[in-house]
Amino acid sequence: MTPFVLLAAAAALFFVAHVLLLFTSFGKDSYNRKKYLWSHLTLWICGVILFAMTTLFAGKGTSEVMDVFDTPVKRWLILVVALGLSAIAHTVVKLLVMPKYQAR
């Protein structure tokens, strides 16, 4: 396996882990803080892996998708989007989901 494939597989696994942890963080009566924290951490790790992939492979013809991120600004946007998604998700959970658990 090439480094590109290994990094792509790792990013995909961390993203799947993020989704699974996020959805399993919330039960009928309570939520699991550790799972919720790990859901955010796995999203950030996925973003860091994607950033590393674009740093290593952008502009080298390895992947047309990677070649889109051919400037430092475009690469840093990956991290900004990952942190932004995390902040949006946290805000939604804090304002919409958690009040339902606190009302019980």
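Whatever comes next refers back to the structure up there.
These notes cover the structure that comes with them. Just so you know, these numbers come straight off a predicted model, no measurement behind them.

Digging into the environment of N32
- Here N32 shows up in the loop between helix 1 (3-24) and helix 2 (33-57).
- For N32, a relative accessible area of 34% corresponds to the partly exposed category.
- Between the C-alpha atom of N32 and that of C46, which follows or precedes it by 14 residues, the distance is 21 Å.

So, a nonpolar patch on the surface
- There is a patch of nonpolar side chains on the surface, built from I88, V92, L95 and L96 and spanning about 410 Å² of accessible area.
- By relative accessible area, V92 is classed as partly exposed at 39%.

Some words on the nonpolar core
- Core analysis: the biggest nonpolar cluster contains seven residues, these being F4, A11, C46, I49, M53, F57 and M66.
- For this core, the secondary structure elements donating two or more residues are helix 1 and helix 2.
- In this structure F4 touches M53, F57, T62, S63 and M66, once residues within four positions along its chain are discounted.

What counts, and at which threshold
Residues numbered from 1 in each chain as written. Predicted model: local features only at pLDDT ≥ 70, side-chain atom pairs only at ≥ 80, totals over all residues. Heavy atoms only, no water. Helix = DSSP H or I, 4+ residues; strand = E, 2+ residues; numbered from the N terminus. Buried < 20%, exposed > 50% of the residue type's maximum accessible area, 1.4 Å probe, protein only. Patch = residues over 30% accessible without salt bridge, like charges linked within 9 Å, V, L, I, M, F, W, Y side chains within 5 Å. Areas by Shrake-Rupley, 256 points an atom, 1.4 Å probe, with all protein chains shown as cover. Salt bridge = Lys/Arg side-chain N within 4 Å of Asp/Glu carboxyl O. Core = buried A, V, L, I, M, F, W, Y, C linked by side-chain atoms within 4.5 Å. Contact = heavy atoms within 4.5 Å.

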